[in-house]
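The chain contents come next:
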Amino acid sequence: MPLAEDTKSLSPAVERAIRLLKLLESKPMHRFALSEISRALKIPKSTALNICAVLVDGQLVRRTEDGYKLGRRLVQLGSAYVNSVDLVREFYDLCRKVPEDLDAMIQMAVLDEELNAVYLARQDLNSGLRLGLRQEIGRRVPANCTGIGKALLAALPSAELERRLIGVRTLPTLTDKSISSPAQLRERLEKIRQAGHALDNEEVLPGVSCVACAAHTSHREDGLVGISITARTDTMTPERWDRNRELVLSMMKTFQEQL
């Protein structure tokens with residue numbers, strides 16, 4: 001079995017190369033001397049030199065006068081990886097693992113350049129919802145009203161949030177429960193940051209509630225994506241609120257791991 005033998009013989013070198021890249025990543029501004037690499041990886045200097053030489057040839061590592069740093073080829077690989085990922089497809093793959101008797105709608109959204117949540121995908125799992133939530137993908141909703149929009153706003157850097165709120169005195173509302181002022185929004189967003197998730201209790205549509213969270217991703221220019229679970233308010237017992245909250249947090253964790 002030549003192939004198996006070759007693979008086995010290559011494994012230690014590959015594993016050491018991965019460890020070396022992780023070492024350089026841990027201090028990207030530092031120039032690692034060969035002796036440092038040897039000590040950190042617990043390998044002979046001659047072995048460290050051979051690994052570095054191969055990675056330098058592949059432009060994954062670059063050699064300077066006083067040590068080694070990450071190479072420019074990694075930027076190209078990272079860019080290729082980002083371009084290879086389809087957020088929508090990954091979302092639907094994730095939804096296939098959710099029980100069909102959820103009685104809710106799972107949605108994915110991002111922010112536009114202003115203060116709106118833009119819905120990119122949805123999966124209806126026997127939600128029974130009929131109140132306009134079946135409009136075409138791409139619909140925009142004031143982020144201050146939606147759970148997913150508030151989760152996304154809460155995840156923005158403070159300076160970026162304030163930039164978007166410049167000159168805003170009142171916020172658009174969709175129901176009498178919607179947040180209507182920037183001050184009120186800032187207060188709510190701080191609570192969302194502390195809780196790690198956001199709620200929409202009939203702030204978009206009467207009779208409809210949701211729980212949502214957001215996370216950072218390299219596959220968006222603004223670096224954010226959100227997921228929500230939306231259901232009829234009359235079905236939302238305390239137990240269901242807890243279940244949906246735990247589920248959306250678990251989904252987002254898995255989503256990030258897949259990306």
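Scroll up for the structure.
The structure reproduced in this document is the subject of the present report. All residue numbers refer to positions counted from 1 along the written sequence of the respective chain. A pLDDT threshold of at least 70 governs which residues receive local features in this predicted model, and a stricter bar of 80 or more applies before side-chain atom pairs are shown or counted, although totals over entire chains, interfaces and linings include all residues. Excluded from the side-chain calculations are hydrogens and water; all other atoms, namely the structure's heavy atoms, are used.

**Re the overall build of the protein**
At step 1: The numbering of helices and of strands both runs from the N terminus, where a helix is a DSSP run of H or I of at least 4 residues and a strand a run of E of at least 2. In terms of regular secondary structure, the protein is built from 9 helices and 8 strands.
At step 2: Of all 259 residues assigned to the protein, the portion counted as buried reaches 42%.
At step 3: Each accessible area value is a Shrake-Rupley result obtained with a 1.4 Å probe; residue values ignore everything except the protein chains displayed when judging cover. Looking at the protein as shown, the accessible area adds up to about 14400 Å², and 53% of this sits on carbon and sulfur atoms. Each residue gets one of three labels from its accessible area relative to the maximum for its type: buried under 20%, exposed over 50%, partly exposed in between, using a 1.4 Å probe on protein chains only.

**Details of helix H8 (residues 182-195)**
At step 1: Here the expected span of a helix is defined as 1.5 Å times the quantity of residues minus one. In this model H8 runs 20 Å from its N-terminal to its C-terminal C-alpha over 14 residues, within 8% of the 20 Å that 1.5 Å per residue would give.
At step 2: For H8, the full list of buried residues reads Pro-182, Leu-185, Leu-189 and Ile-192. Looking straight down H8, one finds that the buried residues subtend no more than 70° of arc, so they occupy a single side. Exposed side chains of H8 directed beyond 90 degrees from the buried face belong to Ala-183, Glu-187, Lys-191 and Gln-194.
At step 3: Downstream of H8 by one or two residues, Gly-196 has phi in the positive range, about 85°. Within this analysis, the arc is defined by the directions that extend from the helix axis to the C-beta atoms.

**So, unusual backbone geometry**
Residues other than glycine predominantly adopt negative phi, and peptide bonds predominantly adopt the trans conformation.
At step 1: Phi is positive for Gln-59, which is not a glycine, with a value near 65°.
At step 2: Looking at the element boundaries, Gln-59 is found in the loop between helix H3 (45-57) and strand S1 (61-64).
At step 3: Even without glycine at this site, Asn-126 takes up a positive phi of about 55°.
At step 4: Relative to the helices and strands, Asn-126 is located in the loop between strand S4 (116-125) and strand S5 (140-142).
At step 5: Given the relative accessible area of 56%, Asn-126 is considered exposed.

**Regarding the nonpolar core**
At step 1: Among the nonpolar cores identified, the biggest contains 27 residues, and Phe-91, Leu-102, Ile-106, Ile-227, Ile-229 and Phe-255 are the most heavily contacted of them.
At step 2: Listing elements by their share of this core, those giving two or more residues are helix H5 (87-95), strand S3 (104-111), S4, strand S7 (208-216), strand S8 (224-232) and helix H9 (238-258).
At step 3: Tallying contributions element by element places H9 first for this core, with 6 residues.
At step 4: Here, residues are in contact when the closest pair of their heavy atoms is within 4.5 Å. Among residues more than four places away in sequence, those in contact with Ile-106 are Phe-91, Cys-95, Val-98, Ala-121, Arg-122, Gln-123, Leu-125, Ile-227, Ser-228, Ile-229 and Met-251.
At step 5: Among the nonpolar cores identified, the runner-up in size contains 25 residues, and Val-141, Ala-151, Ala-154 and Leu-224 belong to it. Residues enter a nonpolar core if they are buried and are Ala, Val, Leu, Ile, Met, Phe, Trp, Tyr or Cys, with the set joined through side-chain atoms within 4.5 Å.

**Some thoughts on the pattern of salt bridges**
At step 1: Take a side-chain nitrogen of Lys or Arg and a carboxyl oxygen of Asp or Glu: if they are within 4 Å of each other, that pair is a salt bridge. Going through the model one piece at a time under the given rule, you end up with 15 salt bridges.
At step 2: One salt bridge in this structure joins Asp-112 and Arg-140, with 3.4 Å as the shortest N-O distance. Within this pair, whereas Asp-112 is found in the loop between S3 and S4, its partner Arg-140 is found in strand S5, the two being separated by 28 residues in sequence.
At step 3: Because the salt bridges share partners, they merge into one network encompassing Lys-150, Arg-188 and Glu-203.

**Let's talk about the pairing of S7**
At step 1: In terms of burial, S7 is a largely internal element, 7 of the 9 residues being buried.
At step 2: The pairing of strand S6 (residues 198-201) with S7 spans 4 bridges and is classified as antiparallel. Among the inter-strand pairings, Asp-200 is bridged to a residue of S7, identified as Cys-210.
At step 3: What makes two strands pair is DSSP finding at least two bridges between them. Between S6 and S7, which pair antiparallel and follow one another directly, the connecting turn spans 6 residues, one of which, Glu-202, has a positive phi of 65°.

**Some points on the sheet that holds S5**
At step 1: Strand order across the open sheet formed by 6 strands is S5-S4-S3-S8-S7-S6, with antiparallel pairing between neighbours. Single-partner strands in this sheet number two, and they are S5 and S6. With strand direction ignored, the average angle separating the axes of adjacent strands in the sheet is 30°.
At step 2: Pairing analysis gives 9 bridges linking S7 to S8, with the strands arranged antiparallel. Axis definition: a line fitted to C-alpha atoms, limited for helices to the stretch in contact. Angles are taken between N-to-C directions and run from 0 to 180 degrees.

Distances and angles like these do not, on their own, reveal function.
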